[in-house]
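# Observations on the model geometry
Each chain, written out:
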Amino acid sequence: MTTTVAFLGLGVMGFPMAGHLSKHFNVNVYNRTTSKAQNWAERYSGKAFENPRDAVVDADFVCVCIGRDQDVIEMMEAQSIASVMKPGTIVIDHTTTSALLAERMSALAEQYGIHYLDAPVSGGQAGAENGCLTTMVGGNLSAYEKALPVMQAYSQKVAHMGASGAGQRTKMVNQICIAGLLQGLSEAMQFAQQAELDGDKVLDVISKGAAQSWQMENRGHTMLKGEYDFGFAVDWMRKDLGYAIEEGNRNNSLLPVTALVDQFYAEVQAMGGGRWDTSSLMARLAKTQS
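The chain goes by NAD(P)-dependent oxidoreductase in an unreviewed UniProt entry, where it is assigned to Neiella litorisoli. Taken directly from UniProt, the Sequence similarities (unreviewed entry) text for the chain runs: "Belongs to the HIBADH-related family."

Have a look at this one:
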């Protein structure tokens, strides 16, 4: 029997992720903009639906990749897609949300005899397109093991992190690390420029030492050029950092650098850079200096 996977949300991440799934499973897709689902169906092997309830009714797994907490609540509760899923269906929610939302959705799923995994991803658009995302998962271990082949279709690393909410809390750790790192990298690149060093040569040498990072390798050179029109947007980073700061307040974590960088991103938004890549912290430094 062929497994059917429904994929809800065909943004820059979801569109290619669902494409990878179509190589291995029957895939039903839904997107609020119907034309995008139709475009997906023309490019890949699968069916496009105009209603999420119709897309999930015969699915064994339901992948969700949308915007924020309220979007998940709208789909799972207001549109009540959980109520039409067959018993035993596993929801794999790749939306980056709060941990409290994950726990709420897990409890809702249990009421309908289905399973809910919070499974945020890291790796950006390029990772989704190349099928090499990192997926961090919270929820029932047995459900995770059954869902693993689905997530492996677009991931290079999948890890079960614990009970419901653990995936989202792990993603928060990821975003906290990135925020501080990008601010440090921005300051370093500005320092190199002010010191009249060749920034590209600086990156080439220090990236072979202890300062090396993914952000340095993939964003350093474009930061020097003032190019911020690709990758993960500032608007989405602020959403993620907001969840992390709220969670930190609940678990008594001290996040002074994260809170500061979040405010720096607010300044980037005020500059009109909400859709710029997160490495655009350097643009804020340039404006502040001028």
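Now for the packing of aromatic side chains. Between two aromatic rings, the relevant description is the distance of the centres plus the angle of the planes. All told, the structure shown has three aromatic pairs when counted by the stated rule. Look at tryptophan 40 and tyrosine 44: their rings are 5.2 Å apart centre to centre, the planes differ by 35 degrees, and that puts the pair in the tilted class. Looking at tryptophan 40, the relative accessible area reads 0%, which means it is buried. Exposure remark for tyrosine 44: the relative accessible area of 22% places this residue in the partly exposed category. By the ring-pair criterion, three or more aromatic residues cluster together here, those being Phe15, Trp40 and Tyr44. A cation over a ring is seen here: arginine 284 above phenylalanine 264, with NZ or CZ 3.6 Å from the ring centre.

Below, the discussion takes up helix H4 (residues 69-78). Every α-helical turn comprises 3.6 residues, leaving residues that sit three or four positions apart pointing alike. All of the buried residues along H4 are Asp69, Val72, Ile73, Met75 and Met76. Directly beyond the C-terminal end of H4, a positive phi value near 50 degrees is found at serine 80.

Our focus in this paragraph is the UniProt feature "domain: 3-hydroxyisobutyrate dehydrogenase-like NAD-binding" (unreviewed entry) in the chain. UniProt's feature table lists "domain: 3-hydroxyisobutyrate dehydrogenase-like NAD-binding" (unreviewed entry) at residues 165-282, given in the numbering used throughout. The distance from the first to the last C-alpha atom of residues 165-282 is 33 Å, and the span holds 71% helix and 0% strand.

Right, let's get into the UniProt feature "active site" (unreviewed entry) in the chain. Annotation from UniProt places "active site" (unreviewed entry) at Lys171. Positionally, lysine 171 belongs in helix H8 (residues 166-194). Here the side chain of lysine 171 touches threonine 96 through a polar contact of 2.8 Å, side chain to side chain.

Residues Ile90 and Ile92 point to one face of strand E5 (residues 90-93) and Val91 and Asp93 to the other, with burial holding for every one of them. Here four bridges tie strand E4 (residues 61-64) to E5, and the two strands are oriented parallel to one another. Pairing of phenylalanine 61 across the sheet is with isoleucine 90, part of E5. The parallel pair E4 and E5, bridged by H4, forms a crossover whose chirality is right-handed. Read from E5 through helix H5 (residues 99-111) to strand E6 (residues 115-118), the crossover connection turns out right-handed.

We note that serine 80 has phi near 50 degrees; this positive angle belongs to a residue other than glycine. We classify serine 80 as buried; its relative accessible area is 16%. Even without glycine at this site, glutamate 196 takes up a positive phi of about 60 degrees. Looking at the secondary structure, you find glutamate 196 in the loop between H8 and helix H9 (199-206). Since its relative accessible area comes to 74%, glutamate 196 is described here as exposed.

A full pass over the atoms with the stated rule returns zero disulfides. No disulfide involves cysteine 63; its sulfur sits 8.9 Å from that of cysteine 65, the nearest cysteine. The thiol sulfur of cysteine 132 is not disulfide-bonded, and the nearest other cysteine sulfur, from cysteine 65, lies at 15 Å. Cysteine 132 gets classed as partly exposed once you look at its relative accessible area, which sits at 28%.

Conventions adopted
- Residues numbered from 1 in each chain as written.
- Predicted model: local features only at pLDDT ≥ 70, side-chain atom pairs only at ≥ 80, totals over all residues.
- Heavy atoms only, no water.
- UniProt positions renumbered as here; feature names shortened; annotations may be inferred.
- Phe/Tyr/Trp six-rings, centres within 6.5 Å; stacked < 30°, edge-to-face > 60°.
- Buried < 20%, exposed > 50% of the residue type's maximum accessible area, 1.4 Å probe, protein only.
- Lys NZ or Arg CZ within 6 Å of the ring centre and 35° of its normal.
- Helix = DSSP H or I, 4+ residues; strand = E, 2+ residues; numbered from the N terminus.
- Polar contact = N/O pair within 3.5 Å; in protein donor to acceptor, adjacent residues only side chain to side chain.
- Pairing = 2+ DSSP bridges.
- Right-handed = clockwise from strand over helix to strand, strands pointing away.
- Disulfide = S-S within 2.5 Å.

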